[in-house]
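Each chain, written out:
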Amino acid sequence: MRITMVGTGYVGLVTGTCFANTGNQVTCLDIDQSKIEKLNNGISPIYEPGLDELIGRNAKASRLHFTTDKSAAYKNAEIIFIAVGTPSGSDGRANLQYVLAAAQDIGDAIEASSDTREKIIVVKSTVPVGTNIKVQQAVASRTSKTFHMASNPEFLKEGAAINDFNKPDRVVIGAHTKYAADKMRDLYEPFVRQGNPIFIMDIPSAEMVKYASNCMLATKISFINEVANLCEQYGADISEVRRGMCSDKRIGNQFLYPGLGYGGSCFPKDVLAMISMGQDCGHPAELLESVHRVNQQQRDVFLTKLESHFEGADWSKLKIAVWGIAFKPGTDDVREAPSITLIQKLLEKGATVTAYDPVAHETAGEVLTDSITYANNAIEAINDADALIVCTDWSEFKNPEFELMKDKMATPVIFDGRNVYRRSTMREYGFVYHSVGRAPINEENAAV
Ligand SMILES: NC(=O)c1ccc[n+]([C@@H]2O[C@H](COP(=O)([O-])OP(=O)(O)OC[C@H]3O[C@@H](n4cnc5c(N)ncnc54)[C@H](O)[C@@H]3O)[C@@H](O)[C@H]2O)c1
Ligand SMILES: O=c1ccn([C@@H]2O[C@H](COP(=O)(O)OP(=O)(O)O[C@H]3O[C@H](CO)[C@@H](O)[C@H](O)[C@H]3O)[C@@H](O)[C@H]2O)c(=O)[nH]1
């Protein structure tokens, strides 16, 4: 099939490349000239494990193309995917300006094209229920030719995007014509060979599946963070509580790791968008309002631990090391990363911050305008540090040389925002240790 992918970001690039890899002719279109230039020079603009190699292989086989030329991109497309961003507006509502601008471009291209094949316009971006109708209207305002609409929300996770796309738990397709449903089913057939389902449903339901799924996962995270905070107050250990809870199959063990709260480009904005959907129809989403609030507070809860530890200290003399800037391991994405909020607060207090992330220094530099130092490796970052904060649970932070760390640091203090380390190990090596939902190890209880 001939596919055009509009938007070459984390979703569009992975999706387009994986469709090319099953033999389709894919053109990825973006308005960002620098992204397309990089891609045409064989460089991926994002870090995603395995993506560079897959792009290279499919581009070489002339199945995957990158362009900023709209008319060329749309000319012969049978299926046009809209995969542009839908960031939160200032009121929390999903900002649809990029989706609707793309829809108008598509309408113009369909009108100008002499290609008589029927076209399907698929909204892959995460959009509030009712958006497909707005897209349909925006396209129809530019062309009198007929076209089909479909909704096809995406569930991939950054850092595991290729595997998630190639082996999805499910594919969700919203379509109102048999032509669109059949074509979309054919397109996804190679990805559901292991019996994973394709669900074909009405468009509003497909749009809602995406928000409901992300909000459910975000709810689990806020729930476990709330329990973790209570554990600290009552002397329980969230790691033990988690083990005890999660062995109940009805509860399960995924997305119940406590930490600094969820970040990234999806959960925060999608929870806000769902809250707005509730407000707009007069049914406030009270549970989700709490999920959001708990998530925002979680970073402050952690910062309070630092403030208590350094109470009375002169912050301008403190050197703080940060391990991990990306919002999760396996990606260079720092959108809504808890590390960014924490670093900004430390800088406001006057501390000197040295950070290390395996891949996210460049993306962090675009957001953190205040000066921090980026270290070349994890050990360099902690040199002479008064404390280390672990913000992202990258594998390389899991088994560091603790003896060496103690030698390098000015004082052996770790604030572990991801519960990466065992308390017993921290006690063995003599660290002052603060984590999430577990009692701290400090001077008073170090020998217990
Ligand atoms: N990032 C994820 O893991 C993920 C997963 C599932 C769903 N989603 C959803 O997918 C959508 C895209 O997310 P993303 O993270 O890939 O966004 P992104 O910001 O990484 O990429 C969006 C791209 O669209 C381009 N663009 C904007 N307007 C355009 C236009 N008119 N024509 C061509 N290109 C245009 C931008 O230049 C940018 O490169 C969002 O709705 C998001 O919620 C994201
Ligand atoms: O037990 C957990 C699991 C995750 N997180 C945090 O939650 C955030 C999101 O993590 P994850 O879901 O792994 O990453 P995303 O790439 O944002 O993926 C989510 O958002 C995408 C965009 O909508 C969806 O497609 C995916 O299905 C959905 O998992 C990160 O900050 C994680 O650190 C926790 O704090 N505890």
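Since the model is a prediction, treat every value here as computed from it, not as a measurement.

**As for the UniProt feature "domain: UDP-glucose/GDP-mannose dehydrogenase C-terminal" (unreviewed entry) in the protein**
Next, step 1: Per the UniProt annotation, the sites labelled "domain: UDP-glucose/GDP-mannose dehydrogenase C-terminal" (unreviewed entry) are residues 321-423.
Next, step 2: The annotated region residues 321-423 carries 31% helix and 17% strand content, and the separation between its end C-alpha atoms amounts to 20 Å.

**Digging into the domain arrangement of the protein**
Next, step 1: In terms of domain boundaries, the protein breaks down into domain 1 (2-203), domain 2 (211-224 + 233-293) and domain 3 (299-434).
Next, step 2: Here domain 1 and domain 3 have C-alpha centroids that lie 38 Å from each other.
Next, step 3: In this assembly, eight residues from domain 1 lie in contact with seven residues from domain 3.

**Quick look at the environment of Tyr-47**
Next, step 1: Turning to its location among the elements, Tyr-47 is positioned in the loop between α2 (33-40) and α3 (51-60).
Next, step 2: Judged by the 20 C-beta atoms lying within 10 Å of it, Tyr-47 falls in the buried class.
Next, step 3: Taking the C-alpha atoms as reference points, Tyr-47 and Val-209, separated by 162 residues in sequence, lie 28 Å from one another.
Next, step 4: Residues contacting Tyr-47, with those up to four places away along its chain left out, are Thr-331, Asp-332 and Val-359.

**Some remarks on the site of ligand 1**
Next, step 1: Neighbouring ligand 1 are 27 residues; Gly-7, Gly-9, Val-11, Ser-125 and Thr-126 lie closest to it.
Next, step 2: Of all the secondary structure elements, the ones that give two or more residues to the shell around ligand 1 are α1 (10-21) and α5 (97-112).
Next, step 3: Each residue belonging to the shell around ligand 1 can be placed in one class, and the counts come to twelve nonpolar, nine polar and six charged.

**Quick notes on the sheet that holds strand β12 (residues 387-390)**
Next, step 1: Taken together, six strands build an open sheet; the order of strands is β11-β10-β9-β12-β13-β14 and the sheet is parallel. Bordering the open sheet on either side are β11 (373-374) and β14 (432-434), each of which pairs with just one other strand.
Next, step 2: As paired strands, β12 and strand β13 (residues 413-416) are joined by three bridges and run parallel to one another. Bridge pairing in β13 links Ile-389 to Phe-415.

**Re the site of ligand 2**
Next, step 1: Around ligand 2 sit 20 residues in total, of which Glu-158, Tyr-257, Tyr-262, Gly-264 and Cys-266 are the nearest.
Next, step 2: Per-element tally for the shell around ligand 2: the top contributor is helix α9 (residues 203-234), with three residues.
Next, step 3: When its residues are assigned to classes, the shell around ligand 2 shows eleven nonpolar, five polar and four charged.
Next, step 4: In this structure, the shell around ligand 2 is formed jointly by two domains, domain 1 (2-203) and domain 2 (211-224 + 233-293), each of which donates at least three residues.

**Some remarks on the UniProt feature "binding site: NAD(+)" (unreviewed entry) in the protein**
Next, step 1: Feature annotation in UniProt places "binding site: NAD(+)" (unreviewed entry) on Asp-30, Lys-35, Thr-86, Thr-126, Glu-158, Lys-269 and Arg-335, given in this structure's numbering. These annotated residues cover 306 residues of sequence, and their C-alpha atoms reach 23.9 Å apart at the extreme, placing them across more than a single site.
Next, step 2: Tracing the backbone through its elements, the reader meets Thr-86 in the loop between β4 (79-82) and α5.
Next, step 3: The buried category is assigned to Thr-86, around which 24 C-beta atoms lie within 10 Å.
Next, step 4: Beyond its immediate sequence surroundings of up to four residues, Thr-86 is in contact with Ala-94, Asn-95, Leu-96, Val-99, Ser-125, Thr-126 and Val-127.
Next, step 5: Counting through the fold element by element, Thr-126 comes out in the loop between β5 (120-123) and α6 (131-140).
Next, step 6: For Thr-126, a count of 25 C-beta atoms within 10 Å translates into the label buried.
Next, step 7: Excluding residues within four positions of it along the chain, Thr-126 makes contact with Thr-86, Pro-153, Lys-210 and Asp-270.

**Some remarks on the nonpolar core**
Next, step 1: Val-6, Ile-80, Phe-81, Ile-82, Ile-106 and Val-122 are the most contacted members of the largest nonpolar core, which totals 76 residues.
Next, step 2: The biggest single contributor to this core is α9, with ten residues.
Next, step 3: Those residues in contact with Val-122 that sit more than four places away from it in its chain are Ile-79, Ile-80, Phe-81, Ile-82, Ala-150 and Asn-152.

**What about unusual backbone geometry?**
Next, step 1: Positive phi, normally seen in glycine, also occurs at Glu-336, with a value near 55°.
Next, step 2: On the secondary structure map, Glu-336 appears in the loop between β9 (319-323) and α13 (338-349).
Next, step 3: Judged by the 19 C-beta atoms lying within 10 Å of it, Glu-336 falls in the partly exposed class.
Next, step 4: Positive phi values are uncommon outside glycine, yet Asn-419 reaches one of about 50°.

**Quick look at the packing of helix α11 (residues 267-280) against helix α12 (residues 286-309)**
Next, step 1: Interhelical geometry of α11 versus α12 gives an angle of 150° and a closest axis separation of 9 Å. When the axes of α11 and α12 are compared, the pair comes out roughly antiparallel. When you trace α11 past α12, the crossing you get is left-handed. Between α11 and α12, the contacting residues are Val-271, Leu-272, Met-274 and Ile-275 on the first element and Leu-288, Glu-289, Val-291 and His-292 on the second.
Next, step 2: Classifying every residue of the contact of α11 with α12 gives six nonpolar, one polar and one charged.

What counts and how
Residues numbered from 1 in each chain as written. Chains lettered and ligands numbered in written order. Predicted model: local features only at pLDDT ≥ 70, side-chain atom pairs only at ≥ 80, totals over all residues. UniProt positions renumbered as here; feature names shortened; annotations may be inferred. Helix = DSSP H or I, 4+ residues; strand = E, 2+ residues; numbered from the N terminus. Domains from an automatic or database assignment. Contact = placed C-beta atoms within 7 Å. Buried ≥ 20, exposed ≤ 12 C-beta atoms within 10 Å, placed from the backbone. Near = placed C-beta within 6 Å. Nonpolar A, V, L, I, M, F, W, Y, C, P; charged D, E, K, R; others polar. Pairing = 2+ DSSP bridges. Core = buried A, V, L, I, M, F, W, Y, C linked by C-beta atoms within 7 Å. Axes fitted to C-alpha atoms, helices over the stretch in contact; angles between N-to-C directions. Parallel < 35°, antiparallel > 145°, perpendicular 65-115°, else oblique. Left-handed = near helix turned anticlockwise from the far one by under 90°.

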